[in-house]
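Structural characterization, general
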There are 2 protein chains.
Amino acid sequence: MANLQDVARLANVSKTTVSRYLNGSLDLPKRTADAIDTAIEELNYVPNAQARRLSLGRSETIALMVPDISTPFFSTFVASVEAEADRRNLSLSLHATLNRREREISYLDHIRQGRADGLIFITNHAGDATLSEKINTAGPCVVVDEDVAATHVPKLFCDNDAGGYLAGRHLALNGHRHLLFVGGVDEMISGERRHKGFLRGLREVADTDLRVERISGPYTVEAGREAARKFISRSDDRPTAIFATSDELLIGLYEVLGETGMSVPRDVSVVGFDDVSPLHLFAPAVTAVRQPVRELGKRALELLLDFKPDADSTLPHEELLPVTLIERDSVAPPIRNA
Amino acid sequence: MANLQDVARLANVSKTTVSRYLNGSLDLPKRTADAIDTAIEELNYVPNAQARRLSLGRSETIALMVPDISTPFFSTFVASVEAEADRRNLSLSLHATLNRREREISYLDHIRQGRADGLIFITNHAGDATLSEKINTAGPCVVVDEDVAATHVPKLFCDNDAGGYLAGRHLALNGHRHLLFVGGVDEMISGERRHKGFLRGLREVADTDLRVERISGPYTVEAGREAARKFISRSDDRPTAIFATSDELLIGLYEVLGETGMSVPRDVSVVGFDDVSPLHLFAPAVTAVRQPVRELGKRALELLLDFKPDADSTLPHEELLPVTLIERDSVAPPIRNA
DNA sequence: AGCGCAAAGTAAACCGGTTCAGTAAATCGG
DNA sequence: CCGATTTACTGAACCGGTTTACTTTGCGCT
């Protein structure tokens, strides 16, 4: 493989000249420029990215850390970050943590190691002191989708509270007073906010007679199944509507509901959250709160690269992206007989 | 940031010693080793990956090029490659080509640039001479899922022919004789193989009276919609079964079938391909040929890193992974009235 | 006492770029 | 025709590791 030196020799100039010419920091008369171009052509020269990066002190790479890549929400998110990174001529280094803390912590070192210039970080467990300490000292980093307590980095979330509110209001307007909220382990701020918004939405419509139950758990298909089983095992006084706060929870819920012959929305109304999976094709099509996932990815990279913190602000920058309710066929008024 | 030199100074040894100690190419007496460990601890030293890579002449990174990251098939594939890469302590550099040839070609340079040690490449258009030339000279590379003609690199596909066969046989056994095959643009080998296998499966069961139509197109939701519209616009003598050869095609098909009130499988039977999306929740649950996507990703990286070509073999190595038919509710015998 | 060998390191070249601080020659103004 | 400026370039240091080939010291053995 030819290197800068080889090109310089063939073009009868110095390394410096070729380097500066290629980087545009030197104007050359046409003859010299041509000689260099010819030499590059002839030797089939391609600059070595590793050398360039070492010299420049940056990797031209940003790292993306997500719990899992294969779920629609995260894969769509990754896709939108990649698109924006590509637009800026940055490479994307992708890492799945599978929610394992030691991975999260070790990947955070990638910035210090010079493997990445910055990091976009999504985690599903948000309370760890070691983790937040590490995030605060790792280097350029933004936290997305789920908060990590005690971190002083820019943050970007969907408006979880508004999402909960929309779902709650919609179900209350449809006459539901006894509801089941599924999702969110205690430490996850997204779950808390969705829950709070949900209650607010319900109360705005129906201030009395409300009964809201909750099954907490991770945003997984299996947790959805489990919640559904628990729901079904109760023979009487069941809630008339369920708010499943992620696509995965909803999928698990639908699976079990379907298997056991429960009919949506006749026997129970359902509202989902995320709306990245093809919920419009499910039976019945699912009414859900839609997250602006693509917007989230694009904005995350913008925040990472362009954001300059206010000197006077002591609080970390936090940004909320709006959500919308997509009405489909999984919500109906409850049957009055109980 | 502390570097090797700083550590060496503090531990009263030379750079060489520290480097060799850290890389295990030097056994040191406990006192010296401790001194180095202490210095590293004290200075909070982390080796610089860029420098290491330049020196080593490899990037410890492999590049993954797919048409799109957000579809379930590719995102699952990416996830499985990432898992295997992580197991081997390699970084993964992710690139979406959006099927644009100039991107595919420019990303292939990443190997020569030293940005990646090898490349896993999936494309959806397979006939280009510039592209195959570039692939042949780019460096370590494997071609996955869809063939690129005239390339001499290891190749890994699902058994598309067997997949077509399973679908054809299943539909024929259910009594279908007039069928519609949807998918595959001309240059795509996967489509051809699925089609060929489809015919073989049909003929094995029913040698006469077979009528097989075909609508070609890319593996997209929109192409699925379009095929469905075309299908529906024919008022009589419609095929009684449709083989939609990707999840996306199937989704588009189901959307339009649903909107226009066609009932599956009463009015038309449907078999899908991929089975990565939650087809079991669709209405009705979709019978489909399942691709072993995770296996595909894992094996792709193995091939890239471990495969040593036979010196005597002139043909490129080609590997086929088995597929299975998942029977659900979208296939029934045709109604006999036409 | 002296040879041989193992133990414990090390100096310096190298990977392939970028960049600071110049230099030599050509051109220009007066 | 001389000094000043501009043009066209360059030597060498630097980024931070890895590695080859080599030195020094100390010990056991005869």
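The shown structure was predicted, so the numbers you read here are calculated from the model rather than taken from an experiment.

What counts, and at which threshold
- Once a new chain begins, its residue numbering starts again from 1 and follows that chain's sequence as written.
- As a convention, the first chain written is A and the first ligand written is 1, with the rest following in written order.
- Per-residue local features are limited, in this predicted model, to residues with pLDDT of at least 70; the limit for side-chain atom pairs, both in listing and counting, is 80 or more; totals at the level of whole chains, interfaces and linings are taken over all residues.
- Only hydrogens and water are removed before side-chain values are computed, so all heavy atoms of the structure are retained for them.
- A single heavy atom is enough: if one lies within 4 Å of a molecule or strand, its residue is considered near that molecule or strand.
- We call two N or O atoms a polar contact when they sit within 3.5 Å, provided that within protein one can donate a hydrogen and the other can accept it, with sequence-adjacent residues counted only if both atoms are side-chain atoms.
- The helix and strand labels rest on DSSP assignments: H or I over at least four residues marks a helix, E over at least two residues marks a strand, and numbering proceeds from the N terminus.
- Amino acids are sorted into nonpolar (Ala, Val, Leu, Ile, Met, Phe, Trp, Tyr, Cys and Pro), charged (Asp, Glu, Lys and Arg) and polar (every other residue, Gly among them).
- Whether two residues are in contact is decided by their heavy atoms, any of which lying within 4.5 Å being enough.
- Accessible area that two parts lose when put together, with a 1.4 Å probe and added across both, is what the buried area reports.
- When a carboxyl oxygen of Asp or Glu lies within 4 Å of a side-chain nitrogen of Lys or Arg, that pair is called a salt bridge.

**Here's the deal with the protein's contact with DNA strand C**
What surrounds DNA strand C is a group of 26 residues, the closest being S19 and S55 of chain A together with S14, T17 and T32 of chain B. Close to the protein, within 4 Å, the atoms of DNA strand C belong to sugar or phosphate groups at a rate of 56%. Between T16 of chain A and DNA strand C, the recorded distance is 2.9 Å, taken from a side-chain N or O atom to a base oxygen. A distance of 2.6 Å separates a phosphate oxygen of DNA strand C from a polar atom in the side chain of T32 of chain B. When residues of the surface near DNA strand C are traced back to their parent elements, those giving at least two are α2 (15-22) and α4 (49-56) of chain A together with α2 (15-22) and α4 (49-56) of chain B. No other element matches α4 of chain A, which puts five residues into the surface near DNA strand C. Residues that form the surface near DNA strand C fall into these classes: eleven nonpolar, eleven polar and four charged.

**Side note on the interface of chain B and chain A**
Each partner contributes residues to the interface: chain B has 40 residues there, and chain A has 40 residues. Together chain B and chain A conceal approximately 3700 Å² of surface at their shared face, both sides included; 54% is due to carbon and sulfur atoms. At the boundary of chain B with chain A, the tally comes to two salt bridges. In this structure, D86 of chain A and R103 of chain B form a salt bridge, with 3.3 Å as the shortest nitrogen-oxygen distance. For the pair chain B and chain A, the interface holds 18 residue pairs in polar contact (both at pLDDT 80 or more). For the side of chain B that touches chain A, the elements supplying multiple residues, two or more each, are α4, α5 (72-87), β2 (91-96), α6 (101-112) and α11 (247-259) of chain B. Classifying every residue of the side of chain B that touches chain A gives 19 nonpolar, 13 polar and eight charged.

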